[in-house]
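Per-entry structural report
Now for the letters of each chain:
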Amino acid sequence: MNHLIKSFSRNYFTLLILSMFTSASFGIFASENKTARQIMQRVDNQQRAAADSTLSLSRLSSCPYVIKSKKVVCHQTPRVKVIESVTLQLGDAKKDSQSISIILEPAREQGIGMLTYSYDDSARDTESWLYLSALGKVKRMASGSGEDQEPVSLFGSEFTTEDMESGKTDEYEYTILQEGKYTGRNVWVIEAKPKPVRLRKTDYSRILFWIDKDKELALKIQTYDKQHKLFKRIMFKRFELINELWIAREMTVFNLRIKRLSKMNTQKIAMGIEVAPLFLTQRSLTDFAYREQNLDSLRKFF
Amino acid sequence: MFFRLIYVTILLLNFSLHVSAEESLLDGDELFTDVYENSAYEDDVSGIDYSVSEGLELGDSSLQDSSSGVHTASWFKKIGIGFSGDLSQGQELEIGRFNFNLKYEDAIFPNAYIKLDSKLTYFHQKDDLAETAGTDYGHAKVNDAWFQYSYKRCVAKVGYQSLFWGVVEGSYALDIINPLDTTEPLLTDYSELSQSQGLMLVNCYFSDSDFELFYLSDAKVDKYSHKSRALFDQLESSLNDEWGVRYSYHLEGVDFTLMYAHLYENTPHLKVDLLDPSFLELQSFRYDLIGLSFSWAIERLLIEADLAYKQDQYKNQIFVVGQPVEPDDLFEIALGFEYLTSRNHQFSAGVWFFDAREESFDLRPKHSQLWSLSWRKQYLNDTLSLSLLGGWVKQPERFSLTALAEYELDDYWIISSSISHVNGAKSDSDSQSNNGLPLTASEFSTQLSVKWQY
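Residues numbered from 1 in each chain as written. Chains lettered and ligands numbered in written order. Predicted model: local features only at pLDDT ≥ 70, side-chain atom pairs only at ≥ 80, totals over all residues. Heavy atoms only, no water.

Another aspect to go through is the overall build of chain A. A tally of helices and strands in chain A yields six helices and 15 strands. By residue count, 69% of the 302 residues in chain A fall in the buried class. Of the contacts made within chain A by residues no fewer than 6 positions apart, 54% connect residues no fewer than 24 positions apart. As displayed, chain A has an accessible area near 10,100 Å², and 48% of this comes from carbon and sulfur atoms. (Helix = DSSP H or I, 4+ residues; strand = E, 2+ residues; numbered from the N terminus. Buried < 20%, exposed > 50% of the residue type's maximum accessible area, 1.4 Å probe, protein only. Contact = heavy atoms within 4.5 Å. Areas by Shrake-Rupley, 256 points an atom, 1.4 Å probe, with all protein chains shown as cover.)

Structure, rendered in structure tokens:
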């Protein structure tokens, strides 16, 4: 259960769906003379916008892989988790969030739900309540602010909590390494190197971002371990414009160290939905009739 | 000189590798990317798409069809089945069981929800329960069979279900609504250790608080066996209703709960007649419970407490016909904490102060304590879970240590194994040796559980 707590905490799951892979379709920079930090700040700012009033149904598959005949092939049956999630951004700057996530698959974890309130103010701890389906009761969890937590796997996948963090641009030094074409798109290749404050809580010595110049979204990310070896590749596809935000509905992370991949497929997503004020409370964890009735009305926006 | 040459060569190699890596950044045809991009687009039945890119279609703002591969919400998907086998070996085989589990849950119409969860168990003839019964046998059990209907701020839930009160895990200061089912092995879901009962539950929710009312018409007592239950059935048929209310208030980081309940004792007393050895009767008395619990989350530390005031408690396990017994009021407290380290080790500890029942005819109260300490961590992408649990009870004295490993083979199979060491005093009647020193019993046991769920 511990891994579920960490996976759910601080809204990491919602960020998993939406972060890093979004871009506003409006207000594109006119100037080419942007600094790397400005670009990454801009990309980072889209994350919260994308997570506001969102209902999503996502499938997270993970497997060990090999490359055969120029194809990436899973050599074991993939592990699959299907999760439905509702998220609201709150506060004047929309920097606080409330979310509820329910595991639909696998059968072993079906019905486990988590309610999370996270705050931009680092002095306020994330609040989370876990619904234990075996016991039929809600339990408060203590997850802290997550500021000093070692990165952990999200739902047993190759995505980690660190991969999903937003609002941490101050903790990196950014440099534009190159500009040019990547898979037919004009991109910046931006290097992020962690500052000392970040080094203590990161698995990476540097991160490379391939940022589309036109849409300002990440097309590919590579991370390097503390020995400066290539560690992970994250690839994106199926970009869609939803509510004026570009979203990659499919992303795959390859852990090159252990040859294991995880693919997140956002099967359904509705943004800008109206959520009942009391829906994101403990009631939705135990009152299934109420929860399903509310979700049914929101699923119409898929 | 030779080493300097190697050093310079390494430096040059490093530089050239770095340059070649940087040069390839924009090609989009690095070996791996090439493989990745050129893979056939094929979805397997398990949902893994072995390739990624069909070309970026950034100019297309229309929504793509998102219906492919969606989660099918058919009634069939709401059915869950499972098989499991449990084995436990101490000095001899203690548990040998095979279980079949069937579940169904669904929102059958607006604002309504049902859940059915039943289990059929076959007890092998070497299983302790089967040996007591004298033969192998099968037993069906209903864990959940309830209907829930939600209306405005309230929801009613009627049927077979378990109700858990209190927040400190492993203590029974407040978690005493449902009696225990001790026929279940300890490696099973904790929920199955609680005996489901037919009850009605009403909850009403407000912005910062919620209210709960439960009522059950027929109280039950702890279950120790499936066969030869005549005395227990006789007792349960004489018991009446139980009810209680609970009010919870939530602040940022803190939950408070107040409880009141009118209950029967879950663990019955044994009544004997010293003049008539054939006389044997079980008794369970009504009492009132007033409880308070709270949880307080401070960063990664969770502090929990359960306080219980129980009226009309009888401290003797055995009553003698003709011997007067007086009820007493008891106060119990359970404290617990959970802490998640920055490296994601999860520690928890708890202590429960309670009055243990006196098993002899001695009327002296036995103040007891149960201490517990546990550690847990996930490894290998959360497929392997390791945990240690230590416990110590003061009266009757008992120490136990259990190491548990759970490994998920895939999304369906999970293997759990444990090794336990128990060191405890024997029962009061034989706990004193001839020289007055207490006798202790020490035993190692291993347990294996294999479970498949779909």
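A few words now on the overall build of chain B. When you go through chain B residue by residue, the secondary structure sums to four helices and 21 strands. Among the 454 residues that make up chain B, the fraction classed as buried is 43%. Taking as baseline every contact in chain B between residues at least 6 positions apart, the subset at least 24 positions apart corresponds to 51%. Roughly 23,800 Å² of accessible area belongs to chain B as shown, and the carbon and sulfur atoms make up 61% of that amount.

For the rest of this paragraph, the subject is the pairing of strand β2 (residues 93-109) of chain B. Residue and element names in this part refer to chain B. With 11 bridges joining them, strand β1 (residues 79-89) and β2 adopt antiparallel strand pairing. Looking at β2, one finds that Ser88 is bridged to Ile95. A loop of three residues connects β1 with β2, the two strands running antiparallel in sequence. Pairing analysis gives 11 bridges linking β2 to strand β3 (residues 112-123), with the strands arranged antiparallel. (Pairing = 2+ DSSP bridges.)

Inspection of the secondary structure assignment puts Ser449 of chain B in strand β21 (residues 440-453). Here the side chain of Ser449 of chain B touches Asp86 of chain B through a polar contact of 2.9 Å, side chain to side chain. (Polar contact = N/O pair within 3.5 Å; in protein donor to acceptor, adjacent residues only side chain to side chain.)

All right, on to the pattern of salt bridges then. This model, assessed by the stated rule, comprises 39 salt bridges over all chains. One salt bridge in this structure joins Asp255 of chain B and Arg140 of chain A, with 2.8 Å as the shortest N-O distance. Taken together, the residues span two chains, with Asp255 of chain B in strand β9 (residues 254-264) and Arg140 of chain A in strand β8 (residues 137-142). Given the relative accessible area of 10%, Asp255 of chain B is considered buried. Of the residues examined, Arg140 of chain A reaches a relative accessible area of 3% and is grouped as buried. Ionic pairing is found between Arg283 of chain A and Asp287 of chain A, a salt bridge with its closest N-O pair at 2.9 Å. With respect to class, Arg283 of chain A is no different from Asp287 of chain A; both count as buried. (Salt bridge = Lys/Arg side-chain N within 4 Å of Asp/Glu carboxyl O.)

This part takes up the sheet that holds strand β10 (residues 269-273) of chain B. Residue and element names in this part refer to chain B. Spatially, β11-β10-β14 is the arrangement adopted by the three strands of the open sheet, whose pairing is mixed. A strand with exactly one partner marks an edge of an open sheet, and here the two such strands are β11 (276-283) and β14 (318-320). The mean angle between the axes of side-by-side strands here comes to 25°, regardless of whether they run parallel or antiparallel. (Axes fitted to C-alpha atoms, helices over the stretch in contact; angles between N-to-C directions.)

Our next topic: the packing of aromatic side chains. Scanning the entire structure with this criterion turns up 28 aromatic pairs over all chains. Seen in terms of ring centroids, Phe353 of chain B and Trp371 of chain B are 6.4 Å apart; in terms of plane orientation they differ by 80°. Their pairing is edge-to-face. Pair noted here: Phe353 of chain B is in strand β16 (residues 346-356) and Trp371 of chain B is in strand β17 (residues 366-379), with a separation of 18 residues, a long-range link. Given the relative accessible area of 30%, Phe353 of chain B is considered partly exposed. Three or more aromatic residues joined by ring pairs form one cluster here, namely Phe83, Phe98, Phe100, Tyr412, Trp452 and Tyr454 of chain B. A cation over an aromatic ring shows up here: Arg206 of chain A above the ring of Tyr224 of chain A, its NZ or CZ 4.4 Å from the ring centre. The ring of Tyr379 of chain B carries Lys377 of chain B above its face, with NZ or CZ at 5.5 Å from the centroid. (Phe/Tyr/Trp six-rings, centres within 6.5 Å; stacked < 30°, edge-to-face > 60°. Lys NZ or Arg CZ within 6 Å of the ring centre and 35° of its normal.)

Moving on, we get to the pairing of strand β10 (residues 185-194) of chain A. A regular strand places its side chains on the two faces of the sheet in alternate fashion. Residues and elements named next belong to chain A. Most of β10 sits inside the fold, with eight of its 10 residues counted as buried. Sheet topology places strand β9 (residues 172-182) next to β10; 10 bridges connect them, and they run antiparallel. When the bridges of β10 are listed, Glu179 appears paired with Trp188. Between β9 and β10, which pair antiparallel and follow one another directly, the connecting turn spans two residues, one of which, Thr183, has a positive phi of 45°.

In this section: the confidence of the model for chain A. Residues with a pLDDT of 70 or more make up 84% of chain A, whose mean pLDDT is 81. Contacts for the low-pLDDT stretch residues 17-31 of chain A, under 50 throughout, to residues beyond four places or in other chains number 58 contacts. (pLDDT = per-residue confidence, 0-100.)

This brings us to helix α6 (residues 288-299) of chain A. In an α-helix there are 3.6 residues to a turn, and that puts residues three or four apart on one side. The terminal C-alpha atoms of α6 of chain A, which comprises 12 residues, lie 16 Å apart, in line with the 16 Å expected from a rise of 1.5 Å per residue. Those residues of α6 of chain A that sit buried are Phe288, Ala289, Tyr290, Arg291, Glu292, Asn294, Leu295 and Leu298 of chain A. (Expected span 1.5 Å × (residues − 1).)

Here we come to the side chain of Gln453 of chain B. Looking at the element boundaries, Gln453 of chain B is found in strand β21. Judged by relative accessible area, Gln453 of chain B falls into the buried class, the value being 13%. In contact with Gln453 of chain B, other than residues within four places in its own chain, are Ala107 and Arg108 of chain A together with Ile81, Gly82, Lys103, Asp411 and Tyr412 of chain B.

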